[in-house]
Amino acid sequence: MFNIFRKKKETPYTPIIDEEKKEQNEKISENKNVFHEPPTIIYESKNFKAETIKLNSPPEEDSGLIVSVASDTGKFRSSNEDNFYCDEIGYRTTENCSYKKKIRNRQKCIFAVCDGMGGESYGELASQIAVETLAQSSHEINSSAPDKLHKTVNKYADEANRRICEMAEEKLCNRSGSTLAMVCIADKYVYTFNIGDSRVYFFRDGKIKQITEDQTLAMRKLKANIYTEEEAKNSPDAHKITSFLGVDDRRIGLNALEYKPFELGDGKILICSDGLTDMCSDEEITEILSSGCENYAEMLVKKALDNGGKDNVTCVVIQKITKG
């Protein structure tokens with residue numbers, strides 16, 4: 001049975017969360033060797049030929065990070081319900097924005113994209129609460145040891161969930177919520193977490209790999225062999241979210257999906273809302289990340305707008321500073 005889902009950008013359905021799930025979440029958080037493994041899908045740039053993505057690359061001298069961020073309302077939405085969080089940049093405070101920044105002398109950094117939902121302006125409020133809570137939790141997250149990081153992220157998710165539920169109650173709306181796609185970079189390693197359908201990708205050697213798995217009804221049906229990959233991608237169920245910040249109104253506890261850490265090396269990390277992936281193919285994203293442009297996030301958002309811009313779109317791209 002598919003027991004939790006809701007239609008994105010509309011009022012979500014009432015979720016069913018039980019105590020058994022809470023116990024499973026606690027067990028997963030305590031076991032640092034358990035990682036979620038999404039389906040492997042790799043796309044290769046036409047301009048670069050390579051055999052594989054090497055997630056375990058040799059360590060290189062760290063000279064800092066370059067992060068580019070861009071967010072746009074799109075051509076059809078009246079407001080921007082997306083938001084982001086980047087250490088040393090903060091979060092979105094205007095409808096449309098674009099930044100590029102070098103981050104030096106930091107051992108740990110947090111980056112995230114949140115996509116709000118709920119109708120009216122409640123989706124925008126939900127994603128804002130999510131990033132404001134993350135900003136307040138950033139010190140605790142950055143201070144966590146790797147084996148405690150998942151538990152700390154879940155603690156943040158529970159607090160953001162609580163605040164969003166309280167906002168929804170105050171506004172007398174049925175439900176509001178936000179997705180979360182988040183990476184923590186610590187000691188050259190990338191730790192990845194997500195709730196909902198915002199995504200994290202890793203690009204290297206002309207190829208891109210989706211690190212996160214969408215928490216949607218379509219993905220559940222795909223894993224149950226009800227849908228083929230193509231059917232899941234094109235089904236309306238692809239926008240029915242099975243977990244999000246704000247879903248847990250009984251305060252049982254959320255569990256962010258956690259993925260095996262990998263070294264950043266000379267690759268690029270892309271964090272994005274579905275306003276990018278609904279408008280741009282993986283091949284188009286790969287071509288932009290292969291291009292060597294000045295601001296990758298801005299170029300990705302522009303491509304989504306050129307392709308129709310039907311939704312809000314937000315991108316964060318992170319890479320190491322190269323010498324020379």
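Our structure's up above, just so we're on the same page.
Residues take numbers from 1 onward in each chain, read along the sequence in its written order. Per-residue local features of the predicted model are confined to residues with pLDDT of at least 70, and side-chain atom pairs are confined, for both listing and counting, to 80 or more; whole-chain, interface and lining totals are unaffected and use all residues. Excluding hydrogens and water, the side-chain values take into account all heavy atoms of the structure.

K.L.:
Which parts of the structure should I look at to understand the side chain of Thr-179?
P.N.:
Comment: elements are numbered from the N terminus, with helices defined as DSSP H or I runs of at least four residues and strands as E runs of at least two. Note that Thr-179 resides in the loop between β8 (177-178) and β9 (180-186). Two N or O atoms form a polar contact when they lie within 3.5 Å of each other; inside protein one atom must be a possible hydrogen donor and the other a possible acceptor, and for residues adjacent in sequence the pair counts only when both atoms belong to side chains. A polar contact is formed between the side chain of Thr-179 and the side chain of Ser-198, at a distance of 2.7 Å. Contacts between residues were defined by any pair of non-hydrogen atoms, one from each residue, lying within 4.5 Å. Apart from the residues lying within four places of it in its own chain, the contact partners of Thr-179 are Val-113, Cys-114, Asp-115, Met-117, Ile-195, Gly-196, Asp-197, Ser-198 and Leu-245.

K.L.:
Help me understand the nonpolar core, please; the structure alone is not making it clear to me.
P.N.:
One recurring pattern in soluble globular proteins: nonpolar side chains tend to sit buried together. Throughout this description, the term nonpolar core refers to a set of buried Ala, Val, Leu, Ile, Met, Phe, Trp, Tyr and Cys residues connected via side-chain atoms within 4.5 Å. Think of it in three bands: with a 1.4 Å probe and only protein chains considered, a residue is buried below 20% of the maximum accessible area for its type, exposed above 50%, and partly exposed in between. By size, the foremost hydrophobic cluster in this structure holds 34 residues, and its most contacted members are Leu-134, Ile-141, Tyr-156, Leu-180, Met-182, Cys-184 and Leu-245. When residues of this core are traced back to their parent elements, those giving at least two are β7 (108-117), α2 (122-142), α3 (149-171), β9 and β10 (189-195). No other element matches α3, which puts eight residues into this core. The contacts of Cys-184, once residues within four sequence positions are left out, are Cys-109, Ile-110, Ile-141, Leu-149, Tyr-189, Val-190, Tyr-191 and Phe-193. Among the nonpolar cores identified, the runner-up in size contains 25 residues, and Leu-65, Val-67, Phe-84 and Val-183 belong to it.

K.L.:
When you look at the environment of Asn-83 in this model, what are you seeing that I'm missing?
P.N.:
Within the element layout of this structure, Asn-83 appears in strand β4 (residues 82-86). A residue is classified by how much of its surface remains accessible, and Asn-83, at 2% relative accessible area, is buried. Distance from Asn-83 to Thr-93, taken between C-alpha atoms, is 8.6 Å for residues 10 residues apart in sequence. Each residue touching Asn-83, except ones within four places of it in the same chain, is listed here: Tyr-91, Arg-92, Ala-112, Val-113, Cys-114, Ser-127, Gln-128, Val-131 and Thr-314. A polar contact of 2.8 Å, which involves the side chain of Asn-83, links it to the backbone nitrogen of Arg-92.

K.L.:
Got a minute to help me understand the pattern of salt bridges in this structure?
P.N.:
Side-chain pairs of opposite charge can arise whenever the charged atoms involved come near each other. For this analysis, a salt bridge means a side-chain nitrogen from Lys or Arg found within 4 Å of a carboxyl oxygen belonging to Asp or Glu. Inspection of the entire model under this criterion finds 17 salt bridges. The salt bridge partner of Glu-284 is Lys-303, with a shortest N-O separation of 3.9 Å. Of the two residues, Glu-284 sits in helix α7 (residues 282-289) while Lys-303 sits in helix α8 (residues 296-306), which places them 19 residues apart along the sequence. Given the relative accessible area of 25%, Glu-284 is considered partly exposed. Take Lys-303: its relative accessible area is 29%, and that puts it in the partly exposed class. When salt bridges with common partners are traced through the structure, they connect Glu-159, Arg-162, Arg-163 and Glu-166 into a single cluster.

K.L.:
Can you walk me through α2 in this structure?
P.N.:
Since the α-helix turns once every 3.6 residues, residues separated by three or four places project in the same direction. Helix span is expected to be 1.5 Å times the residue number reduced by one. In this model, α2 (21 residues) spans 29 Å end to end at C-alpha, consistent with the 30 Å of a helix rising 1.5 Å per residue. The bend reported for a residue corresponds to the angle between axes fitted to the seven residues ending at that residue and the seven starting there. Largest kink in α2: about 45°, centred on Gln-136.

K.L.:
Which parts of the structure should I look at to understand the packing of α7 against α8?
P.N.:
For any two helices packed against each other, the geometry comes down to the angle between their axes and how far apart the axes lie. Between N-to-C directions, angles cover 0 to 180 degrees, with each direction set by a line fitted to C-alpha atoms, over the stretch in contact for helices. One way to put it is that α7 packs onto α8 with a least axis distance of 10 Å and a crossing angle of 150°. For the element pair α7 and α8, the recorded crossing hand is right-handed. On α8, the residues touching Glu-284, Ile-285, Ile-288 and Leu-289 of α7 are Tyr-296, Met-299, Leu-300 and Lys-303. For this classification, the nonpolar set comprises Ala, Val, Leu, Ile, Met, Phe, Trp, Tyr, Cys and Pro, the charged set comprises Asp, Glu, Lys and Arg, and every other residue, Gly included, is treated as polar. By residue class, the composition of the contact of α7 with α8 is six nonpolar, no polar and two charged. We call a crossing left-handed when the near helix sits turned anticlockwise from the far one by less than a right angle, and right-handed when that turn is clockwise.

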